[in-house]
Amino acid sequence: MTEPSGETAPEAPEDVAPTEDVREDVRQGAAEPEEPGTAEESASAEESATGEEPPAAEESTPAEEPTAAQEPAASEESDEPAADDAAEASEKPGAADASRESAETASETSEASEEPAADGDAVAKAADAPEVSDAQAELAAQRELRAKIEARKAEKEGPLASGAKLSGTAADLLAAVRAVEGGAASGSAFYEAPEPAPRRPTPEAAPAMTVRPPVPAQASAPAPGTTAAVREALAKGGAPEALAGQVAAALGEGAAQALLDDPWQLLAVPGVRPEQADGFARALLGAACGPDDPRRTVALTVWLLERAALQGHTALEIDTVRAGLAGHAVPDPGSAVEEAVSAGAVLVFQEEETAEEEPEEDEESPEAAEAAAEEPASPVLLGLDRYALAEESLADGLARLVKTATADTWEGSELERAAGAHGLVLHTGGEASRAEPVALAAAARERGLRTLVAVHADGGRRALGPAGTDAVTVAALLSGAAGPGRDEEGAFALDLLVVLDAPQLDVESAAMLVESLPDGCRLVLSGDPGVLGAPGAGQVFGDVLAARVCPRIASRVPDPGPLGELVSGIGAGELNQVEAPGKEIVIVPVRDAGEAVHRTVQLVADSVPRAIGVPAEQTQVVTVGHGGSAGTRALNTALKQRLNPGPGRFGGYDPGDRVAYAPVPGRTVTGTVLSADAEGLRLRCDDEELLVPKERVESALRHGWALTAHQAAGLRWPAVVVVLPGDAAGGLSRPWVYTAFGRAERHLSVVHGVDQALPRAVAEGVAPERTTRLRPLLETLLAVPEE
């Protein structure tokens, strides 16, 4: 029911079926795209909070989630390295009790050691007493020790004389203990979070800050009893017991009973199809279930919206949802939608249209007024609460930044002047234009402002050169692994945040980021609007651009060289023939997919290193999708056989394998396998070592010699080989070609087998629009008169 072992990848569904418009697909009730089990699809609503966790948090997973290690899915056990060692991590109850008793005894002994020397009289009396057995003596000593401790605590009114010579942390801790004992402070202070890491000095005129929500905690693993109960429920309905862990994680503690009461809750597990959930329900309920069962229609409605979110939509038109339900044999789709809304499973919206400026000659025309009255209202949308709340929170946060920023006059470039005068500024341009917001950040630091630059991926930091030393990834910033940290009110200690690669921001990450900025902080969003959108739900950068509620600064810095000329032309809808005297661009025609795979391996392993001087480890292959005869699976298999052959003894991987790892949904980290142990696979990613927990190897890891364009977004390599086999023609669009070709820094090879489909995609292939609500929300909150 889910994707086979090793087939799941951190990839957005647009690359799986780029030409598939989810709205049309839902209307037809079509089958799942070729790649249903992506890492984004495996992220449930409960897991969205952890989507911002850093790799360091992943390393602690085995220790924090013993259940996942002790009860792996059947399909995972065979692929996990040293799985038998996990059983030794379980702790015996008796050992825990003994540990507690030992700790209590040690605590009492340490307190006794602080008694004054006057207590020696009691020891002398004990020496004169008649001899007793060792057990009796031990019991008597403990009773006497406890009595002395209680007596001392009861008599003590002032501070202890001991500890006067302590200093530093020990003295602070002793003072805190005395404050609690004296009633001057609450004992809960011992359980409060530690103070944030030191931050840059705050300017004299620091803006006031409001309370912000804390960083969401990582979801805990389901209890062993929950997983066992779910396994029994799945067995009753004939479903694979290997799904027990995923079901328990998706449905929570009462997952087993929830399945028995509503078998269609199985659709909450990524990769499960409606027909599979129907079969499970029939096995449990028999004749008691039917296509119009309210439980089925509600679950199907939610499933349609979740599936749409995987393709970037935060909502769908109500007619599209009805058509999708009809495609799955729901007799009365209208009533089904009403049932889902009444049950609170989905939300319904109808945004107010902002009035557009009409020609002056029609302002007083009765015909024009009648035509305006007959215009249809904005469509009714259905959405899930998580995305609705994220978009509304993001719109409110952006409006807050705009309204609380204090206008100032900054000298410098156009971008600097705009950032000084406004709380929100958008900056657009290609790869070379990234230097402009970086220069803005440097100038702001010279002005004494607390400034930070955030990028989408670690590769984006390397591309900044020396300026990237202080940059952080958005994921690391949100998780607290990097950046200035949060103050006691939950806000970042920042006066200016510059976000590069802004088109890669999904709505939930963007909402968390903006809500974490203090009042008065300035935000600059910079990126190339021509690249593929965020792998998650929403199109934040595009919506804010379209809303026209803040300054938009377009860079005039062109990308240099033949590659820059080629990519710039693609952005304008033209596939130009570019002179490349240094072999910066090479076209390799192929006749079929088999030849495409062969020539790709030849280019990576031999031609590019020999002719261009770029080694294989610095050459990246980019293709349209994971499946197909020349998708990432086929290419990675062929490239591994040539570049790092091996048996794949660690869950299909060997030391030296290039991999693509998704520590959180929507963010791909490329690296190399170092080793494996009982905890999982250890990777080298840039200058950092990461641990992929063994229970996540199958779902979050792929071989990484070949990536899709979505995985490659935000990253660049010295050499890139773009593979376009004949069966990829339907998946091409201008944003896809623009993104794929733009990943190359020095050399681009195009394995070309799509004939005229490539120039046609560049000229006409506009990516499908995403249905979102952010633009009208912003226009309502920050409406400005047209100039």
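Here, the structure is the one placed above.
Quick summary incoming for the structure in this document. (Residues numbered from 1 in each chain as written. Predicted model: local features only at pLDDT ≥ 70, side-chain atom pairs only at ≥ 80, totals over all residues. Heavy atoms only, no water.)

**A look at the sheet that holds strand S1 (residues 316-317)**
Put simply, the rule reads: Here the rule is simple: two strands pair whenever DSSP picks up at least two bridges between them. Helix numbers and strand numbers start at the N terminus; a helix is a DSSP run of H or I with at least 4 residues, a strand a run of E with at least 2.
Spatial ordering of the open sheet is given by S1-S3-S2, a layout of 3 strands whose pairing is antiparallel. The open sheet has two edge strands, S1 and strand S2 (347-349), and neither has a second partner.

**Some thoughts on the pairing of strand S14 (residues 680-685)**
Across 4 bridges, the pairing between strand S13 (residues 667-676) and S14 is antiparallel. Residue pairing for S14: Ala676 is matched across the bridge by Leu681. Here S13 folds back onto S14 in antiparallel fashion, the turn holding 3 residues. Note: S14 against strand S15 (residues 688-693), 6 bridges, orientation antiparallel. Residue pairing in the sheet places Cys685 in a bridge with Glu688 of S15. In this antiparallel pair of consecutive strands, S14 and S15, the connection spans 2 residues, and Asp686 shows a positive phi of 60 degrees.

**Thoughts on unusual backbone geometry**
The following threshold applies: Per-residue accessibility, obtained with a 1.4 Å probe over protein chains only, is compared with the maximum for each type, and a residue is labelled buried under 20%, exposed over 50%, and partly exposed between these values.
With phi around 55 degrees, Arg548 is a residue other than glycine that occupies positive phi space. Looking at where Arg548 falls in the secondary structure, it is placed in the loop between helix H25 (540-547) and strand S9 (552-554). Note on Arg548: relative accessible area 46%, which makes it partly exposed. At Asp755, a position not held by glycine, the phi torsion is positive, near 55 degrees. Of note, Asp755 is situated in the loop between strand S19 (744-752) and helix H32 (757-764). Take Asp755: its relative accessible area is 61%, and that puts it in the exposed class.

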